[in-house]
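Take a look at the letters that make up each chain.
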Amino acid sequence: MEPLNCQPLPASSARSSNFIRDIMVSDLDSNKYGGRVQTRFPPEPNGYLHIGHAKAIYLDFGLADQFGGHTNLRFDDTNPTKEETEYVESIKESIRWLGYHWDGLYHASDYFDQLYEWAIKLIRMGKAYVDDLSADQIREYRGTLTAPGRESPYRQRPIGENLNLFERMRAGQFPNGSRTLRAKIDMSSPNLNLRDPVMYRILHAEHHRTGNKWCIYPMYDYAHGQSDAIEGITHSMCTLEFEDHRPLYNWFIEQLGIFPSQQIEFDRLNLTYTLLSKRKLLRLVSEGLVRGWDDPRMPTLVGIRRRGFPPEALRNFCAAIGVTKTNGTLELEMLEHFIREQLNHEAPRVMAVLRPLRLIIVNYPEDGVEQMEAINNPEDPGAGTRKVPFSRVLYIEQEDFREHPPKQYYRLCPGREVRLRYAYFVTCTGLVKNDRGEIIEVHCTYDPKTRGGQAPDGRKVKSTIHWVSATHAVDAEVRLYEKLFTKTDPDEVEEGKDFTSNLNPNSLAIVRPAKVEPSLATAAVESRYQFERLGYFCVDPDSAPGNLVFNRTLALKDTWARIEKSDAAGR
RNA sequence: UGGGCCGUCGACUAAUGGUAGGUCAAGUGCCUUUGGAGCACUUUGUCUAGGUUCGAAUCCUAGCGGCCCAGCCA
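**Student:** Could you clarify how one ought to interpret the sheet that holds strand β7 (residues 216-218) in this entry?
**Tutor:** Strand order in the open sheet made by the four strands is β4-β5-β6-β7, with antiparallel pairing throughout. The outermost strands of the open sheet, each flanked by one partner alone, are β4 (128-131) and β7. Ignoring which end each strand starts from, the neighbouring axes of this sheet average 20° apart. In this structure, strand β6 (residues 198-202) lies alongside β7, joined through three bridges in antiparallel fashion. Note on β7: the bridge partner recorded for arginine 201 is tyrosine 217. The strands touched by helix α4 (residues 112-124) are β4, β5 (180-183), β6 and β7; relative to β6, the strand with the most contacts, the crossing angle is about 120°.

Now the structure itself:
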């Protein structure tokens, strides 16, 4: 057979091999699955997807795609007490947002009937039995990591009795927890998962899809592999902690003689300054430590989206980080790099002033207004230009003026000439302070011959600063985000404390009103911009006409900040 | 201390017995109408000890270190 891996791969994935791709290539070469690659993404609908899932999605969908394969979306809904339909739509929406499309849409619950039949088959084969032990007793009988378990007294129950009892379990004749169906494997196995694992438990609970049809529900281990087999999944990827489950995954498939799906485990994504545990994220939300699941500081996909991370950047990130079986933690900076790279490429530039300082051009006509031509995106000539109104009174950034400039500070200060981006050279001639000694106004003269930003005599200025025209500017609320936690490992805490003690008190700062150029007045929700010299910003869903709200996605890399920092450290 | 998995620059990841390479981070310089972006250069690495081999990150042995497993969660 012609190896499919000879086909050119998409540019984004044209990098070195990884062990999963190697397995796929080898399976294709050996024709193990008739030339097919079929994967699945199996979220449990009990919470929101996070950046860790983005990696799984990238692998499940992306890898299959590279070999012309297919990917199913399968909701792993075997526990009605935890799962809710409200999560289903959000999960689907996040997958679509990331840019992926599933082939089949299934639920583990679609297979409850088949799973039940297979359970009966295993009972008939003498490979499963109904156990009357309580949860506590089962734990006791299971043994420990170092000591073997003991067989349940019900283990040798006759097949007919097992059949009868299991049927009555299903019929609802027994209360929750009173009995289970267990696989009969090996109570002395060093792998705890093989010590007669529970296949079914009694749960008198309404299921979000099957309603009250069932009161017994399959466990993950009994449901997952068989669901894979039913769908003809060839490569079933999951995270490392399931390695110990693989022998069980294979055991059910072998006993049942069904399609031999194979489970492949990879390393979960860990990021510095980031928590990716559903339980802890839930605490942040329920205790009001963030504003919700889609708070832009959250690592959830809905949060990241609201923050303004482009989906393409996430895909590039996943492609770059690779996949292995090594447990590690990625530096957040790696993620941020791919966000900036994408945004630099696609975000239109605009001017906005976060902390306005009035600048008056004393030699400019009182009511003069000019439309200055500005480039929308220097990285993309096709993005064209726009007009930005200029007038006598402007706002500049407070940070861009110093009465007493430190060394290496190139921005505006008394006597210094700088360029106003896309406008004129201006020279500071004076300043005005209030009673408290704060600078409230800067006075400048402009050189009319430098219109557009070039001096005909060829003289240079050391810096260019951004501005908005005071009369034309639009007010906006700007939400500035920083890392949610102060420690690279948010779980690193003193005795008696938990991760909430590592919350960064400055993770959200609201600036209001910021002054933005008028072209932003009609900016659509979710559209992404670069505020020149400041960073990348996007329009928050809270935004409305006349009430603009922006989120800072990420600040630009700031060489000056680094100079200041190392300067302070050096002193 | 039963079992499983894993150890390559500060971080992540390639090299599939044959030149230890890439990305991020850090640093230096160039360039610049964003102190952005870009470009160039630089620093740092095969857990340890033996062994096999002409040749070992790769194979073998023994250590050391890390992660996971005792839910009727997934």
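**Student:** What should I look at first to understand the domain arrangement of chain A in this one?
**Tutor:** Interfaces are often described in size by the accessible area the parts lose on coming together. What the domain assignment reports for chain A is domain 1 (36-266) and domain 2 (349-559). Centre-to-centre separation of domain 1 and domain 2, based on C-alpha positions: 55 Å.

**Student:** Teacher, can you tell me more about the packing of aromatic side chains here?
**Tutor:** What characterises a pair of aromatic rings is the spacing of the ring centres plus the angle enclosed by the ring planes. Summed over all chains, the structure comprises 24 aromatic pairs. Their ring planes at 55° and their centres at 5.7 Å tell us that tyrosine 116 and tryptophan 214 sit as a pair that is tilted. With a gap of 98 residues between them, tyrosine 116 in helix α4 and tryptophan 214 in the loop between β6 and β7 connect regions that are remote in the sequence. Take tyrosine 116 and tryptophan 214: they sit in the same class, and that class is buried. Each ring, one from phenylalanine 390 and one from tryptophan 467, has its centre 5.2 Å from the other, and the planes form 90°; the classification is edge-to-face. Taken together, the residues phenylalanine 390 in strand β14 (residues 385-391) and tryptophan 467 in the loop between β19 (464-465) and β20 (468-469) connect sequence positions 77 residues apart. Owing to a relative accessible area of 0%, phenylalanine 390 belongs among the buried residues under this scheme.

**Student:** Please explain the nonpolar core as it appears in this structure.
**Tutor:** Proteins that are soluble and globular tend to have nonpolar side chains buried together. Ranked by internal contacts, the top residues of the largest apolar core, which has 63 residues, are Ile95, Leu284, Leu314 and Leu335. Ranked by the residues each element gives to this core, the list is headed by helix α2 (residues 51-66), at nine residues. Residue-level mapping places this core at the junction of two domains, with at least three residues from each of domain 1 (36-266) and domain 2 (349-559). Setting aside chain neighbours within four positions, we find leucine 335 in contact with Ile51, Leu271, Phe309, Leu314 and Phe317.

**Student:** Please explain the sheet that holds strand β22 (residues 508-516) as it appears in this structure.
**Tutor:** In a beta sheet, neighbouring strands are held together by backbone hydrogen bonds and run either parallel or antiparallel to one another. Overall, mixed pairing links the seven strands, which are arranged β10-β23-β24-β25-β21-β22-β11 in an open sheet. The sheet terminates laterally at β10 (349-350) and β11 (352-353), the two strands that pair on one side only. Alignment of strand β24 (residues 535-539) against strand β25 (residues 548-555), held across five bridges, turns out to be antiparallel. What sits directly across from phenylalanine 537, in β25, is arginine 552. Its contacts with the sheet put helix α12 (residues 332-346) on β10, β23 (528-531), β24 and β25, and the angle it makes with β25 is roughly 125°.

**Student:** Just checking my understanding: could you explain the side chain of asparagine 502 for this structure?
**Tutor:** Here asparagine 502 is to be found in the loop between β21 (474-481) and β22. In terms of polar contacts, asparagine 502 uses its side chain to reach the backbone carbonyl oxygen of glutamate 492, at 2.9 Å. Ignoring anything within four residues of it in the chain, the contact list for asparagine 502 reads Leu484, Phe485, Thr486, Lys487, Asp489, Pro490, Asp491, Glu492 and Val493.

**Student:** Help me understand the packing of α4 against helix α8 (residues 246-256) in this model?
**Tutor:** Two quantities define a packed helix pair, namely the angle between the helix axes and the distance between the axes. One way to put it is that α4 packs onto α8 with a least axis distance of 10 Å and a crossing angle of 80°. In terms of their interaxial angle, α4 and α8 are classed as roughly perpendicular. Residues Trp118, Lys121 and Leu122 of α4 pack against Phe252, Gln255 and Leu256 of α8. A breakdown of the residues in the contact of α4 with α8 according to their chemical character gives four nonpolar, one polar and one charged.

**Student:** Explain the packing of helix α7 (residues 220-231) against α8 to me, please; I cannot follow it from the model alone.
**Tutor:** Running from N to C, α7 and α8 cross one another at 60°; their axes reach a closest spacing of 9 Å. Judged on the interaxial angle alone, α8 and α7 are oblique. The handedness of the crossing between α7 and α8 comes out as right-handed. Packed against α7, whose contacting residues are Asp221, Tyr222, His224, Gly225, Gln226 and Asp228, the element α8 presents Leu248, Tyr249, Phe252, Ile253 and Leu256 at the interface.

**Student:** Hey, could you run me through the protein's contact with RNA strand B in this one?
**Tutor:** Residues in contact with RNA strand B amount to 71 residues; listed here are only the nearest, Thr78, Arg349, Gly452, Gln530 and Thr559. In the model, a sugar or linking oxygen of RNA strand B is placed 2.6 Å from a nitrogen or oxygen of the arginine 419 side chain. In this structure, a phosphate oxygen belonging to RNA strand B sits 3.3 Å away from a side-chain N or O atom of arginine 562. Those elements giving two or more residues to the surface near RNA strand B turn out to be α5 (135-142), β6, α12 and α13 (559-570). Of the residues in the surface near RNA strand B, the class split is 22 nonpolar, 25 polar and 24 charged.

Parameters and conventions
Every residue gets a number counted from 1 within its own chain, in the order that chain's sequence is written. For this description, chains carry letters from A and ligands carry numbers from 1, given in the order in which they are written. The predicted origin of the model limits local features to residues at a pLDDT of at least 70 and limits the giving and counting of side-chain atom pairs to 80 or more, whereas totals for whole chains, interfaces and linings rest on all residues. Based on all heavy atoms of the structure, the side-chain values leave hydrogens and waters out of the count. When DSSP finds two or more bridges between a pair of strands, those strands are recorded as paired. Going along the chain from the N terminus, every DSSP run of H or I of four or more residues is numbered as a helix, and every run of E of two or more is numbered as a strand. Only the stretch in contact is used when a helix axis is fitted, and all axes are lines through C-alpha atoms; the angle between N-to-C directions ranges over 0 to 180 degrees. Pairs of residues are marked as contacts when any of their non-hydrogen atoms sit within 4.5 Å. All the domain ranges listed were derived from an automatic or database domain assignment. Between the rings of Phe, Tyr and Trp (Trp by its six-membered ring), a pair exists once the centres lie within 6.5 Å; its type follows the angle of the planes, with under 30 degrees stacked, over 60 edge-to-face, and the other angles tilted. For every residue, the accessible area (1.4 Å probe, protein chains only) is compared with the maximum for its type, and the residue is labelled buried under 20%, exposed over 50%, or partly exposed between those bounds. We call a set of buried Ala, Val, Leu, Ile, Met, Phe, Trp, Tyr and Cys residues a nonpolar core when their side-chain atoms join them within 4.5 Å. In protein, a polar contact means a hydrogen-donor-capable atom and an acceptor-capable atom, both N or O and within 3.5 Å, with residues adjacent in sequence counting only if both atoms are side-chain atoms; elsewhere, any N or O pair within 3.5 Å suffices. Put simply, angles under 35 degrees are roughly parallel, angles over 145 are roughly antiparallel, angles from 65 to 115 are roughly perpendicular, and the rest are oblique. Amino acids are sorted into nonpolar (Ala, Val, Leu, Ile, Met, Phe, Trp, Tyr, Cys and Pro), charged (Asp, Glu, Lys and Arg) and polar (every other residue, Gly among them). Crossings are classed by handedness, with left-handed meaning an anticlockwise turn of the near helix from the far one by less than a right angle and right-handed meaning a clockwise turn. Each residue is tested against the molecule or strand, and it is near if at least one of its non-hydrogen atoms lies within 4 Å.

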